[in-house]
Structures are given as C-alpha cells and as structure tokens.
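Notes for the structure review
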Amino acid sequence: MNTPTQTVPASFPVPAAHQRLPFAYLPEAQALAAARARLGAVTEWAAVIEHARPWIRAVREKPAPFWAMESLLKEYPISSAEGLALMRLAEALLRVPDVETAVALTADQLGRADFDQTDGGVWAGLSASAIAMSKKFLPGAEEEAGLLKRLGARTVVAATVRAIQLLGRQFVLGRTIGEAMSEAASQRKALANLRFSYDMLGEGARTEDDARRYLASYANAIKTIAVAQGTQTRGPESADGISIKLSALFSRYEDAQRERVFAELLPRVWSLIEQAATANLNLTIDAEEVDRLELSLEVFEALAARISRTYPHWRGFGLAVQAYQTRALAVVDEVARIARDHGLRFMVRLVKGAYWDGEIKRAQEQGLAGYPVYTHKPHTDVSYLACAQALLGHRKVIYPQFATHNAGTISALTRMAAQAGAEPDQDYEMQRLHGMGDGIYREVLADGQMACRVYAPVGEHRDLLAYLVRRLLENGANSSFVHQLADEQVPTEALLGSPLEACATGEHIEAFPLPHALYGAGRRNSTGADLTCLVQRRPLDEAIANTRIPPVPEASTAQIELAMATLQSGFDTWSTRPLAERAAIIRKAGDLLDARLAEFCGLLVKEAHKTLGDCVAEVREAVDFCRYYADQAEQRLAEQTLPGPTGESNTLRLHGRGVFVCISPWNFPLAIFAGQVVAALVTGNTVAAKPAEQTPAVAQRMVELLREAGVPDDALILLHGPGETVGAGLVADARTAGVCFTGSTQVARLINRALAQKDGPIVPLIAETGGLNAMLVDSTALPEQVVDAVVQSAFRSAGQRCSALRLLCVHEGIADGVIEMIKGAMAELSVGDPALLATDVGPVIDDEAFTGISRHVERLRREAKLLGETVVPAASAAAVPRLVAPIAFELPRISDLRQEIFGPVLHVVRWSGDVDAVVREINALGYGLTFGIQTRIDSRAARLAHQARIGNVYVNRNMIGAVVGVQPFGGEGLSGTGPKAGGPHYLYRFCAEQTVTINTAAAGGNATLLAGGH
C-alpha cells in the first residue's frame, strides 16, 4: 500500500504555456524517416512471419466463437450493406424510446441489406431469420397494411433489439463493475496470466452533471477493485486497474480553458489517483484527440509532480500514446523525461489510435499545414514499432504496455524485447480489447510466459453505442488485421507482411492531398490556424494587442455623386479588360489576404467584437471567395460558340452590367463584403461598396488590399455612412445597374420597392436575408451530437449569424434529456472579452441590438417557459459592454415563433406523431435559409430534405459555417432571392448576356459548304 508522505493543497497552479512537442503538421515523409531511423535494424521479417505463422494457423483451424469480432466481420463485413446496417442499428436502436421510430429505423437499415443470404453461422442463426422478416412486416413492404403487419413489425424490432443487446454483451465485460470483475475472474480460470484495465463506458461530458456522474463511476470502480484485491502487496503492474478519460471528467477539457482545467479537472483526477495509489492499483489516462495533446501532457506532468511528493513509490500512473500521430515518438520521449525529472516510473499503453478519420477531417476543414496523423496504415505500423523500441529503451522509467491485435506486430515486439534484454511481464506486457483478438492471444499466451491486460469496457448497453461503432470501424476496415484474419483467402505472408516494405516513398507521400490542395489542382484551400498551437496563435495575439481602429469618414451627398460618376466612367475600361486579367487580380487579392490572417483577425476582434475562432474562419472565407470566384469566372464567363445551321456562327458572351452597389452587413464585415465585391468586379462591373455602419474599418482595409492587388481606383470606391442616407442614395442613383444586399428582410423589401419605383432599366437585386432557422431532432439522434450542434449553431458568434439556429424541434420521447443536457452545456459557456481565447460568446454588435434582444428576452420570460441560461460573471459584465447571456425558452407551438431575433436566443418546441407535418409547419413560417436534421434514419433525412423549402439543409451536424464552393449559401422565400453565394450560379446574376449571330455566307454563298463538294 502507498501512504501519502505529506499533505498537499487541493488546488493546482497553472503553469506558463509553452510548446512541448515539435510542430504538429510535419510532412509525413519527414516524420516517417525519423521513425525508421529510431527503429533501426529490425530482426529479419521472415523470422517474424515464421514466429507468428502457427498462431494464424491455429486461429483459422479453431475459429473464434460466433460473437467474436473475427467471426462477426467474416459474416457481415463493414464494407457490405449488411455490415453497415448492423453497425447503424448497434449505434442507435437501443436508445430509441418509442416503438414507431424504432420500427422506422429498423425498416430503414434492414431494408437495404440481405441478411438471409449470408453463409450461415451461429450469429446468422440468431438474428437472420428475424431480420429477414423485416421485408415482410415492416412499413414499406408490399403486403397490405393491417394488424398482422403492425404486430409483425413490433416483433421484428424486438428480435433485432435482442440481437443487438447480445452483440453488445460480447464487447462489454459487464454492466456494472461488480459484474465485470466476476466475468474477469471467470476468464482467468482459462488464462491465468490475464490482467484487466476497466473502462467505465461513456463519451466526453457535455455538462457538469455528466462529469460528476463519471467521476462517481470511476471512484466506485476503484473502490470495488481495491476491495477485491485486498491487502496483496504485488506491484500495480500485475494488478488490475482502471482507465479514465479526462474529457469525461470535465466538459470543457480543451486548450482554450486551461485555467479551468487546472482549477476544476485536476482536483477530480487527483481524488482518483489518491484512491488508486493507496490501493496500489494502476490508473491510466486514455488518449484524446490531437488538439488536446499538449494540454494532456501539461496535465500529466502536473499530476506527476504531485505524485512524486505524495506517493513517490507508486508505479501505477499511466498514459496512452497513439502511434498514428506523427509526433508519437516525441510524446514517448517527453513522458520519459517527465518520469526522470520527477523520479517516477510510468505505465505507458501504446495504441495505434482511435480518431483517425476525425483528425483527417479536422485538418482539411481548418486548412491546416498538414495532417497530424499518418495517412498510410503501414506508416502507423512503422511508427508503432519505433515507439515500442523507444519505450523498451526507456524501461527504467516506463513500463511498456503494447496494445495490438496484429500477430505480426506481436511477433516483432517480442523479438525486439528479447534483443533489448527485456523480460515479459517484468519489463513489459501485451494488451488487447475485450471481445477482440481472443484467438490470437489464446495462442500467444499459451506457454504462460507472456502477460496480457484486457482493456475492458464496463457499462449499460445504451452507453456502449459510440464505443462499439468506433471499434467496429477500426477493426472492420478492409486494411485491418482483424478483418483480414477472418478472410482465409488472405495468405499468411500477406497478412503478416512487413510494414517497412509497404511504406510509400518520395517527398510527398500522403495518401490524399494535403489540406491546402483539398479542392484539387485548381483552387488552393485557404490557410487556417490551429489555435491550440502556441506557435500559430501567438501572431494573432500580437496583432490584436497592436491593432487600433482607424477612423473612416462618412460619405457626403456630393461624394456619392462624384463616386458614381467616377465608377460609371471607369466601367468602360474595367469591363473591357480581358477576363483572365480580372481573374488574376482577384486571385492575387486572395493570396495577399491569405498571408495577412493575423492582421485582419486583429481588426475583426477590435471592430466587430468577434472571437478568435470566428475571426480565423471569416478571413478564410474571404480568401475562398476571391479564389473561387476568380476560378468560376474563367470557367463560366468565357465566350461560348453555340450550334447552328451551316453558313452561320452563333456566340454567347457575358459582360458586366455597369455600376453595382454592394451593401454588406456587420456580422460578416470581411467575408460577405469581400464576396459581394469580388463577384461584381471579376464579372466586369465597377463597385460602389457600402459597408455596415458598425464595421467600416475592416471594409476599408479590404478595399486597400484589392487596390494593392491591381483593382483600379475608378473600379472600386468605398462609401461609408448610414443606410438611410448613403445606402438609399446609392440604390436610388440612376447609374446603379444592380444591387447586392445582405441584411434584414425588412431592408431588402425597402430596396426592392425603391428599385421598382425607378424609371429606366429594371435593375436586378441579389438579396440574402435572415431566417427562422430550425433543427428537427427525432428520437434516433445521439443526444451528445445534438447538443454539440445546438450550442454551436445557436450561440456561436453570439447568435449573430443569419444561419444561426433559432428553433429547435425535438421529439418528445427524448426532449427532457436533450433539454437538460443543453441547459448544462449552456452553463459551461464563457461569456466575455472576445480577444480572450477562453471566450465562447462575445458581445452583441451595438446598443440597438442589445436593447432589441433584451426586450425580446424580457417578453419571453413573461410568456414562455425558461429552460436555461448562461451566467455572465460580474467582472465580465463590468468590463465588456453589451454582453447578452445565451438563453433558451420553450414554446408551445412552432407557429409561436414569428420574428427573427438576431442574438443568442434559442426557442424549443416538442413534437410527436407525423414528422412530415413538422416540416410543413416550418415551411409555413415563410423563411427558408438553413435547416438541420438530426436522425439515424437515412430515408427520413432524404425525404425531409426534399420536402423542406429551405436553401441549406444540414444532416447530423451543426447548421453554420457554410464553406465556399462546398456548401453554396442562400435561401428562398423570406430568406432571399438567390442565387447562392459561393456557388456555381452566383456570378451569372452580375452579368448581362449577349448573343452575336453572323451570317458567314452573306458574301456570295457558303464557301465552306461548297468547298466540301456535293
């Protein structure tokens, strides 16, 4: 037993932030070369294969039971319709509370598969008959509807639920820690050299209640294990233990909340460490996503420092390291350094990694410099072996735990360990997941020399969903060892092939384009910044500190007149410049802006009061507009030759209309301003740019940048001032050839009427206005995913986005739980100074907005049911004006929401019955900008999207952040005229068209035809 050597305070000091690891986005070739160099010479791989060959033969001769992963993947490969249906049902069916939705989900998933055509097997016998019946009894079958069909549907669903529950039992050791330990004891009777690390199932916390529930679950597990272990004195390496997830213990476990992490999370972890150390158990911190890696190491060292003072002889503290990260070797060395500095020995679990697809997508979406993970599986395998070599070299301060199901890797590891003089059990152990790799480890452990720890999930079946699906995806991929092991057609040599020989070569070896080349050889993706990386965040912080907002004078009536005359005169010259020249100028502007991310972020924080994340996203959107519209202009506006009769040529040309008036809003003062202006310019128009009254400095700086790129002074003029005078004057001017407007529906109507009343040409209006944007959530949706999407969509940017979520329609079967989780997530938001990384919600734009939102909230307090709100700290309220706390109310009906409130105010309505009727009610509101659908019923999502009279529909994600060229943005009805900004049809509206027909046979006949003979 370990006894504290001294009493220590509960609080943890917050260390100064510093970069511990190399840059996260090294070229993959460079990271792989470092791994290969560290690995050095490996034993002849032929010997590795021969060592592992008997294991493969034995597993294939004595197949695993029907419930094991190998058998399941053989029966229903994840790449098959049946495997996908099974995965989707496992993820969602058990949490659906109402029969109607359960029937719909089962019909949707099983209707696209053919479970009665499998090769047989016990699992097939268990489930296939019930599943195959679905096509006869579930809604959508050809038989007539009736009582029999209804009873049949319920029967099939009940059978499918039972099958999924049985599946879940194979991958969860027990529903409670007691049940799990009983099962562990049973398994030890067959294999005495098994150890267990219990993982209390659950994803990251979304609320404080979640975090405290997980903490209690961990604490109870440690207590139960300690009681069972008794007073034994063996070291923690050979004892059972627990794995904990830091994001489960604190809902805001992220770099932006460092101070709260040290103040709130670390004391919770310490309470668990005290229990584990006192009982001499082991406690391992599980790995998280890459953006938390530096923070995890900070937390780990802070805890290690206290352990060294309080439990200096305890050797049970551990950390998981993911070999798929390109910095994995650096992490291993850093953990060893921490151990040496604090006189400790850690347990380190080496895994391949569990969030690969998410890391790839994050890097692409954020426009990062590269990928923080290897993109080829053999590269990860080489990294794993290199990390293993490093761990064996550090074994005086690290107890390596090699988690793998790959027989080739196991063989190589044991040979490497023997070469290093490391003894099994004493110097290292193997690990596997419960329910996976049983067959291989049955053979590996047969001689009793090796020890293996089973990573054992514990929890109710409903809690296993996300875990199970992740395991199925990881191990079910065609390239995975577990999948190929089940396929007897794969030769042993191919199954155990050397990853070193399979490595890609060359300077650029990524499996797919780097984030900057996401859109192919043409348009370059805009450059982002990883705000969790100090090196990338520091320039932004410096720019914010040094930014001063310059004054922008308001335009007088005389200046408006002069500007319009100048632009009218400049049109002839600008419109006749070759299209390629105009496109090159706009593309250059995009490149200049891309290089000045920090400068424009400083302006956006200071003038528009945007948070850092929103600033980076907005600058990137403006860059994307420049590059996209330049490309689109060259592709779509070039002169076209049209077919026609012989002796005649027909040509279609597009050209600018004249002076375009661009009126942009304050909520996206750079992106929307730039998008409007460059679209008008690249099509050959000159532009009178009227920015929002609140944000003229951002617009002025963008105009300066466009001129630096080559836009002439007489092609673009900024005219700042009130909409009632400057904006109205520009719209009314006889020289205005078109208006592009983004703002309120009310102002759009005024512009439309003003244009209609003018004499002369009919002037086009491109209007993008607001919306009563709704999200529909059915009872198959994952509540945690819903809450993430709701909080981002409703409250990011203080709700000041035209795309923001205003109306949440949630099924009554899950409404109470979802609302409670949203309430808890809102309580964790930070409202304050937008210049601070920790701030989630900054102030609203001006006093008028603050007053209007406040009045609406006060009315709702009287007339609606308050669900929850964020508390604004008194210090923040005193230091930052116009802070509006995110708040949510419940309304009786969808129709009770009658106007858009441009702020962090969420309205919630419960629904039941006909889901299609909900969409009809949303359509009846008259707006049509954005719509969210949260469901696991694929056919339902497709049907509802088709029924919605809404411009942008988002399924199972948030509703904001449309990307140029990826999600063209714009609505219908009261939400705008179209065409969609950032889409392939946008530029046409800025153009006039001309067809030129020439009778080429006018002079004496058709020479071309005659020359061909007759």
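Quantities reported herein were computed from a predicted structural model and do not represent experimental measurements.

Cut-offs and rules
Residues numbered from 1 in each chain as written. Predicted model: local features only at pLDDT ≥ 70, side-chain atom pairs only at ≥ 80, totals over all residues. Heavy atoms only, no water. Axes fitted to C-alpha atoms, helices over the stretch in contact; angles between N-to-C directions. Helix = DSSP H or I, 4+ residues; strand = E, 2+ residues; numbered from the N terminus. Parallel < 35°, antiparallel > 145°, perpendicular 65-115°, else oblique. Left-handed = near helix turned anticlockwise from the far one by under 90°. Contact = heavy atoms within 4.5 Å. Nonpolar A, V, L, I, M, F, W, Y, C, P; charged D, E, K, R; others polar. Buried < 20%, exposed > 50% of the residue type's maximum accessible area, 1.4 Å probe, protein only. Right-handed = clockwise from strand over helix to strand, strands pointing away. Pairing = 2+ DSSP bridges. Core = buried A, V, L, I, M, F, W, Y, C linked by side-chain atoms within 4.5 Å. Polar contact = N/O pair within 3.5 Å; in protein donor to acceptor, adjacent residues only side chain to side chain. Phe/Tyr/Trp six-rings, centres within 6.5 Å; stacked < 30°, edge-to-face > 60°. Lys NZ or Arg CZ within 6 Å of the ring centre and 35° of its normal. 1 Å grid on protein atoms, 1.4 Å probe; cavity = no way out; pocket = protein on both sides within 12 Å on 5 of 7 lines; lining within 4 Å. Points joined across faces, edges and corners; volume = space filled by probe spheres on them. pLDDT = per-residue confidence, 0-100. Salt bridge = Lys/Arg side-chain N within 4 Å of Asp/Glu carboxyl O. Disulfide = S-S within 2.5 Å.

1. Thoughts on the packing of helix H2 (residues 45-61) against helix H17 (residues 407-420)
Close contact between H2 and H17 brings their axes to 8 Å; oriented N to C, the two are set at 125°. Judged by the angle between their axes, H2 and H17 are oblique. Every pair of crossing elements has a handedness; the one defined by H2 and H17 is right-handed. Where H2 approaches H17, its residues Trp-45, Ala-47, Val-48, His-51, Ala-52, Trp-55 and Ile-56 are matched on the opposing element by Ala-407, Gly-408, Ile-410, Ser-411, Ala-412, Thr-414 and Arg-415. Considered class by class, the residues forming the contact of H2 with H17 number nine nonpolar, four polar and one charged.

2. A word on the pairing of strand E4 (residues 317-322)
Burial analysis of E4 places six of its six residues in the buried class, which makes it a mostly covered element. Because side chains alternate across E4, one face comprises the buried residues Phe-317, Leu-319 and Val-321, and the other comprises Gly-318, Ala-320 and Gln-322, equally buried. Regarding the hand of the β-α-β motif, the stretch spanning strand E3 (residues 282-285), helix H13 (residues 293-310) and E4 is right-handed. Relative to strand E5 (residues 346-351), E4 runs parallel, the two being bridged by five bridges. Bridging from a neighbouring strand, Gln-322 pairs with Val-351 of E5. Taken together, E4, helix H14 (residues 328-342) and E5 form a β-α-β motif whose crossover is right-handed.

3. Some details on the nonpolar core
Counting residues in each nonpolar core, the largest one holds 117 residues, and the members touching the most others are Tyr-198 and Leu-283. Of all the elements, helix H12 (residues 258-279) adds the most residues to this core, at 11 residues. If sequence neighbours within four positions are ignored, Leu-283 has contacts with Ile-222, Ile-242, Ile-244, Leu-272, Ile-273, Ala-276, Trp-314, Gly-316, Phe-317 and Gly-318. Formed by 67 residues, the second largest nonpolar core is a distinct cluster that contains Leu-531, Val-678, Ala-680 and Cys-991.

4. Side note on the environment of Asn-685
Mapped onto the elements, Asn-685 comes out in the loop between helix H28 (671-682) and strand E12 (686-690). Judged by its relative accessible area of 0%, Asn-685 is buried. Residues Asn-685 and Cys-991, 306 residues apart in the sequence, show an inter-C-alpha distance of 8.3 Å. Looking at Asn-685, its side chain comes within polar contact range of the main-chain nitrogen of Arg-657, at 2.6 Å.

5. Side note on the packing of helix H32 (residues 783-795) against helix H33 (residues 812-827)
Packed helices, taken two at a time, are described by their axes: the angle between them and the distance between them. Orientation of H32 relative to H33, taken along the N-to-C sense of each, is 50°, at an axis distance of 10 Å. Taken together, the axes of H32 and H33 are oblique relative to one another. Classified by chirality, the crossing of H33 by H32 is right-handed. Between H32 and H33, the residues in contact are Pro-783, Glu-784, Val-786, Val-787, Val-790, Val-791 and Phe-795 and Val-818, Met-821, Ile-822, Ala-825 and Met-826, respectively. By residue class, the composition of the contact of H32 with H33 is 11 nonpolar, no polar and one charged.

6. Considering the sheet that holds E4
Pairing within the closed barrel is parallel, and its eight strands lie in the order E1-E2-E3-E4-E5-E6-E7-E8. Each neighbouring strand pair of the sheet contributes to a mean axis angle of 30°, computed without reference to strand direction. Two elements, E5 and strand E6 (residues 398-403), share five bridges in a ladder whose sense is parallel. Looking across to E6, one finds that Arg-349 is bridged to Gln-401. Packed on one face of the sheet, H14 meets E4, E5 and E6 and runs near 165° to E4.

7. Brief notes about the packing of aromatic side chains
Counted according to the given criterion, the structure contains 17 aromatic pairs. Considering the side-chain rings of Tyr-629 and Tyr-986, the 5.4 Å spacing of their centres and the 20° angle between planes classify their relative orientation as stacked. Of this pair, Tyr-629 sits in helix H27 (residues 612-636) while Tyr-986 sits in the loop between strand E24 (972-973) and strand E25 (991-999), placing them 357 residues apart in sequence. Aromatic rings pair up to connect Phe-625, Tyr-628, Tyr-629, Phe-660, Tyr-986 and Phe-990 into one cluster. Between Arg-213 and the ring centre of Tyr-214, over which it is positioned, the NZ or CZ distance is 5.6 Å.

8. Describing the layout of surface pockets
Approximately 1500 Å³ is the volume attributed to the second largest pocket. The wall of the second largest pocket is formed by 41 residues, among which Trp-666, Gly-743, Ser-744, Val-747 and Glu-848 lie closest to the centre. Elements with a contribution of two residues or more to the lining of the second largest pocket: helix H30 (723-732), strand E14 (736-742), helix H31 (745-756) and helix H34 (847-863). For the lining of the second largest pocket, the element with the most residues is H31, which contributes seven residues.

9. Section: the confidence of the model for the protein
With 91% of its residues at a pLDDT of 70 or more, the protein shows a mean pLDDT of 91. Note that pLDDT drops below 50 for residues 118-127; the model gives that stretch 22 contacts with residues more than four away or on any other chain. Contacts of residues 133-137 to residues separated by more than four positions or lying in other chains number 16 contacts, the stretch itself having pLDDT below 50.

10. Thoughts on the sheet that holds strand E13 (residues 716-718)
Pairing is parallel in the open sheet, where five strands are placed in the order E13-E12-E11-E14-E15. Since the sheet does not close on itself, it has two edges, and those belong to E13 and strand E15 (765-768), each with one partner. Here the average twist between neighbouring strands, direction ignored, is 15°.

11. Observations regarding the pattern of salt bridges
As enumerated under the stated definition, the model contains 67 salt bridges in all. Here the residues in one salt-bridge network are Arg-20, Glu-301, Glu-334, Arg-337 and Asp-341, joined through shared partners.

12. Some details on the state of the cysteines
Counted under the stated rule, the structure contains zero disulfides. Summary of cysteine pairing: Cys-626 is not part of a disulfide, and the nearest cysteine sulfur, belonging to Cys-662, is at 13 Å. Classification of Cys-626 as buried rests on a relative accessible area of 0%. By relative accessible area, which is 1% here, Cys-662 ends up buried.

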